[in-house]
Amino acid sequence: LAGIYMQTERREVARELLLKILAHDSTSTRVQSALGNLLLENSYYADAESAFKRCISIDSLNVTYRMSLGYVYWATERYVEAESMFRRALQLNSDKFSRFLTYEMWKLLESHRYEQAEQLYRKIIQHDPALPGAYYALACLQSIQNQVDNAFETLEQAIVKGMNDY
C-alpha cells in the first residue's frame with residue numbers, strides 16, 4: 001500500500017504508513033529500506049541515513065543498503081564516506097553491485113539528475129576501472145544526453161571489461 005502512495009505522489013501518506021508499520025516491526029529491513037528511499041528522494045538526508053544504517057545493523061551483508069547509504073553520503077557531499085560505502089558493497093558482491101548501479105542510475109535519470117549520476121559513475125569507474133556495470137550505466141547516461149559518440153565508446157569499454165548481459 002505504501003508503494004502505491006509513493007507512485008501516486010502521495011509521499012507523505014506513504015511515509016506515515018511506513019512509520020506505522022515500523023512501530024510494530026522495527027526489524028523489517030524491507031520497510032526500513034522503502035522509508036530510506038522515500039526520504040532520500042525527498043532530500044531528507046539525515047533521516048534517510050538513519051534508515052539505511054538501521055538496515056545495515058540488521059543485515060550487514062546486504063549490498064543494496066550499503067549502496068543506498070553511499071548515495072546519501074554522496075548527496076550530502078561526503079564523498080570519502082560514499083566511496084568507502086561503495087567499496088564495501090563491491091567487496092560483498094560485485095555482481096549484485098553492478099545490477100544495483102544500473103537500477104540506481106535509472107532512478108537518477110528519471111529524476112533528471114544527470115550531472116549527479118555522471119559524477120557518481122565516473123568516481124566509481126575511477127576507483128574500480130574493471131567494473132563493467134558502471135561503464136554500461138555511464139554509456140546509458142551519455143546516450144540520454146545525446147552524447148552518442150561518447151556513449152558508444154563507453155559501451156565498448158563495458159564490453160571489454162566483461163559486460164555480457166546485453
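Every chain's residues receive numbers from 1 upward, in the order its sequence appears when written. It should be noted that, the model being predicted, local features are given only for residues of pLDDT at least 70 and side-chain atom pairs only at 80 or more, the latter also being counted only at that level, while totals for whole chains, interfaces and linings use all residues. The basis for the side-chain values is all heavy atoms of the structure; hydrogens and waters are excluded.

Student: Could you give an account of helix α9 (residues 132–144), naming the residues involved and the relevant values?
Tutor: Every helix listed is a DSSP run of H or I at least four residues long, and every strand listed is a run of E at least two residues long, numbered separately from the N terminus. Here a helix's expected span is defined as the number of its residues, less one, multiplied by 1.5 Å. Along its 13 residues, α9 runs 19 Å from first to last C-alpha, staying within 8% of the 18 Å computed at 1.5 Å per residue. Among the 13 residues in α9, 10 count as buried, and that is most of the element. Exposure classes here rest on a 1.4 Å probe applied to the protein chains alone. A residue is buried below 20% of its type maximum, exposed above 50%, and partly exposed in between. Taken together, the buried positions of α9 are P132, G133, A134, Y135, A137, L138, A139, C140, L141 and Q142.

Student: Give a detailed account of the environment of T76, specifying residues and quantitative values.
Tutor: Relative to the elements of secondary structure, T76 occurs in the loop between α5 (63–75) and α6 (79–92). For the pair T76 and Y45, spaced 31 residues apart in sequence, the C-alpha separation works out to 7.3 Å. Within polar-contact distance, the side chain of T76 engages the backbone oxygen of Y73 at 3.1 Å. Think of a polar contact as two N or O atoms within 3.5 Å of one another; within protein, one of them needs to be a possible hydrogen donor and the other a possible acceptor, and neighboring residues in sequence only count if both atoms come from side chains.

Student: Before we move on, could you go through the side chain of T29 and cite the residues and values that matter?
Tutor: Structurally, T29 is set in helix α3 (residues 29–41). Classification of T29 by relative accessible area gives buried; the value is 16%. Separated by 2.9 Å, the side chains of T29 and Y65 make a polar contact. When checking whether two residues touch, look at their non-hydrogen atoms; a contact exists if any pair is within 4.5 Å. With near-sequence residues (within four places) excluded, T29 lies in contact with C55, I58 and Y65.

Student: Quick rundown of the packing of α6 against helix α8 (residues 114–127)? Include the residues and the values.
Tutor: To get an axis, fit a line to the C-alpha atoms, keeping to the stretch in contact for a helix; angles then go from 0 to 180 degrees between the N-to-C directions. Closest axis-to-axis distance for the α6/α8 pair is 11 Å, and the angle between their directions is 60°. Considering their axes alone, α6 and α8 lie oblique with respect to each other. As α6 runs across α8, the sense of the crossing is right-handed. Taken together, the residues of α8 that come into contact with α6 (itself represented by E83, F86 and R87) are L120, K123, I124 and H127. In the scheme used here, Gly and all other residues not listed as nonpolar or charged are polar, with Ala, Val, Leu, Ile, Met, Phe, Trp, Tyr, Cys and Pro taken as nonpolar and Asp, Glu, Lys and Arg as charged. Looking at side-chain class alone, the contact of α6 with α8 contains three nonpolar, one polar and three charged residues. Convention used here: angles under 35 degrees read as roughly parallel, angles over 145 as roughly antiparallel, angles from 65 to 115 as roughly perpendicular, and any remaining angle as oblique. Crossing chirality is assigned from the near helix's rotation relative to the far helix, an anticlockwise turn below a right angle marking it left-handed and a clockwise turn marking it right-handed.

Student: Kindly report on the packing of α3 against helix α4 (residues 45–58), identifying the contributing residues and their values.
Tutor: Axes are the key here: two packed helices are described by the angle between their axes and the distance separating the axes. The contact between α3 and α4 brings their axes to 8 Å, and the two run at 155°. Between α3 and α4, the crossing angle belongs to the class labelled roughly antiparallel. α4 is crossed by α3, and the crossing has left-handed handedness. When α3 is examined against α4, the residues T29, Q32, S33, G36, N37, L39 and L40 are found in contact with a partner set consisting of Y45, D47, A48, A51, F52, R54, C55 and I58. Looking at the contact of α3 with α4 residue by residue, the classes come out as eight nonpolar, five polar and two charged.

Student: If you had to explain the nonpolar core to someone new, which residues and values would you point to?
Tutor: Grouping buried Ala, Val, Leu, Ile, Met, Phe, Trp, Tyr and Cys residues that are joined through side-chain atoms within 4.5 Å yields what is termed a nonpolar core. In terms of nonpolar packing, the biggest core is built from 39 residues, with Y71, F86, L120, Y121 and I124 touching the most fellow members. Contributions of two or more residues to this core are made by α2 (11–24), α3, α4, α5, α6, α8 and α9. Broken down by element, this core gets its largest block of residues, eight residues, from α5. When residues no more than four places from it in sequence are discounted, the contact partners of L120 are Y71, W74, F86 and L108.

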